[in-house]
Amino acid sequence: QNWFAESGRLKGKRVLVTAGGTMERLDPVRFLTNDSSGKMGFAIAEAAMRMGADVTLVAGRTTEQPPAGVRVIHVASAADMLEAVMKDFDEMDIVVKSAAVADYRPVIVHEQKMKKTGERLVLELERTTDILATLGERKTRQFLVGFAAETQQVAHYAMDKLRRKNCDLIVANDVSQEGVGFNGDTNAVEVYGPDGLIVSLPLMSKREMASRLMELIAVRLAAAGG
Ligand code: CTP
Ligand code: CA
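Residues numbered from 1 in each chain as written. Chains lettered and ligands numbered in written order. Predicted model: local features only at pLDDT ≥ 70, side-chain atom pairs only at ≥ 80, totals over all residues. Heavy atoms only, no water.

## Notes on the site of ligand 1
- Near ligand 1, the surroundings consist of 16 residues, among which Lys-97, Leu-132, Phe-147, Lys-161 and Lys-165 are the closest.
- Contact between ligand 1 and Thr-129: a nitrogen atom at 3.0 Å from a main-chain N or O atom of the residue.
- A total of 570 Å² of accessible area belongs to ligand 1 in isolation, and the protein chains cover 78% of it.
- Elements that contribute at least two residues to the shell around ligand 1 include exactly helix H3 (131-138) and strand E9 (143-150).
- Considering each element in turn, the shell around ligand 1 owes the most residues, four residues, to E9.
- A class-by-class count of the residues in the shell around ligand 1 yields eight nonpolar, three polar and five charged. (Near = heavy atom within 4 Å. Polar contact = N/O pair within 3.5 Å; in protein donor to acceptor, adjacent residues only side chain to side chain. Areas by Shrake-Rupley, 256 points an atom, 1.4 Å probe, with all protein chains shown as cover. Helix = DSSP H or I, 4+ residues; strand = E, 2+ residues; numbered from the N terminus. Nonpolar A, V, L, I, M, F, W, Y, C, P; charged D, E, K, R; others polar.)

Here it is as structure tokens:
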């Protein structure tokens, strides 16, 4: 039951959400990507909008249709996503980074379709810029929420990401669990703040999860004087 939906408690707040997977080109017909569907991020954008916020959604590859009433910016690569996010960051009150951003991209983007040659092919990849860490360095009043996809030692890695990337909250999912994470319509998460675990949200629909997360974010933002 979305008892807090349409509550208007984020009225006047500007919220930026990133969602979906990035797409890193190799040649005109090939790219590297991941299993992210964008469902969690799209649901978060919709939940924020229902709570009265002015929402911008920076979307990579996704299976979802943009929710009505949300400004959507489509991007492909991690570099495109960084550029789109940086353009609007200073004006934002809340930023939720649920996108699955590629950690590496091909060093060489071939202009022509690659032809096969030998029996083996080694691709050279280079690191992308960490968008969330870049925002963490730049933030002034923005309430910054990161995600963490882990398969082990969830609390340890989540707290490490929270500190390294200067986030206010980290939403961690154990993607080795059934029904959790990248694809699918359900999720289960643990939310961490600077003092450790805040809440464990059990398996539920991503829409319900999105409302619970936005509610928590609104409460924490208000407590921080925002
Ligand atoms: N992220 C980002 N830019 C990147 C990589 C990750 O903004 N180049 C963000 C994601 O959107 C997410 C958070 O960082 O909010 C954590 O992503 P995750 O992949 O779990 O962690 P990494 O820091 O990339 O570490 P690793 O993949 O090695 O666990
Ligand atoms: Ca990563």
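## Some remarks on the environment of Glu-64
- Residue position: Glu-64 is located in the loop between strand E4 (54-59) and strand E5 (71-74).
- Among residues more than four places away in sequence, those in contact with Glu-64 are Ser-37, Gly-38, Lys-39 and Phe-42.
- A polar atom in the side chain of Glu-64 sits 3.0 Å from the side chain of Thr-63. (Contact = heavy atoms within 4.5 Å.)

## A short note on unusual backbone geometry
- In this structure, Gln-153 is a non-glycine residue whose phi angle is positive, near 40°.
- Residue placement: Gln-153 occurs in the loop between E9 and helix H4 (154-164).
- Positive phi outside glycine occurs at Asn-166, with the angle close to 55°.
- Tracing the backbone through its elements, the reader meets Asn-166 in the loop between H4 and strand E10 (169-174).
- Taking relative accessible area as the criterion, Asn-166 reaches 36% and is therefore assigned partly exposed. (Buried < 20%, exposed > 50% of the residue type's maximum accessible area, 1.4 Å probe, protein only.)

## Observations concerning the packing of helix H1 (residues 39-50) against helix H5 (residues 206-223)
- It is at 8 Å that the axes of H1 and H5 come closest, and there the two elements cross at 55°. Of the possible angle classes, the one that applies to H1 and H5 is oblique. Considering only the axes of H1 and H5, their crossing is right-handed. Along the contact surface, H1 presents Lys-39, Met-40, Ala-43, Ile-44, Glu-46, Ala-47, Ala-48 and Arg-50, while H5 presents Lys-206, Arg-207, Met-209, Ala-210, Ser-211, Leu-213 and Met-214. (Axes fitted to C-alpha atoms, helices over the stretch in contact; angles between N-to-C directions. Parallel < 35°, antiparallel > 145°, perpendicular 65-115°, else oblique. Left-handed = near helix turned anticlockwise from the far one by under 90°.)

## Description of the nonpolar core
- Core analysis: the largest hydrophobic core is formed by 36 residues, its most contacted members being Ile-44, Val-96, Leu-213 and Met-214.
- The biggest single contributor to this core is H5, with eight residues.
- Excluding residues that lie within four positions of it along the chain, Leu-213 makes contacts with Met-40, Ile-44, Phe-147, Val-171, Val-189, Val-191 and Leu-201.
- Val-58, Val-95, Ile-131 and Ala-172 belong to the second-largest nonpolar core, a separate cluster that totals 24 residues. (Core = buried A, V, L, I, M, F, W, Y, C linked by side-chain atoms within 4.5 Å.)

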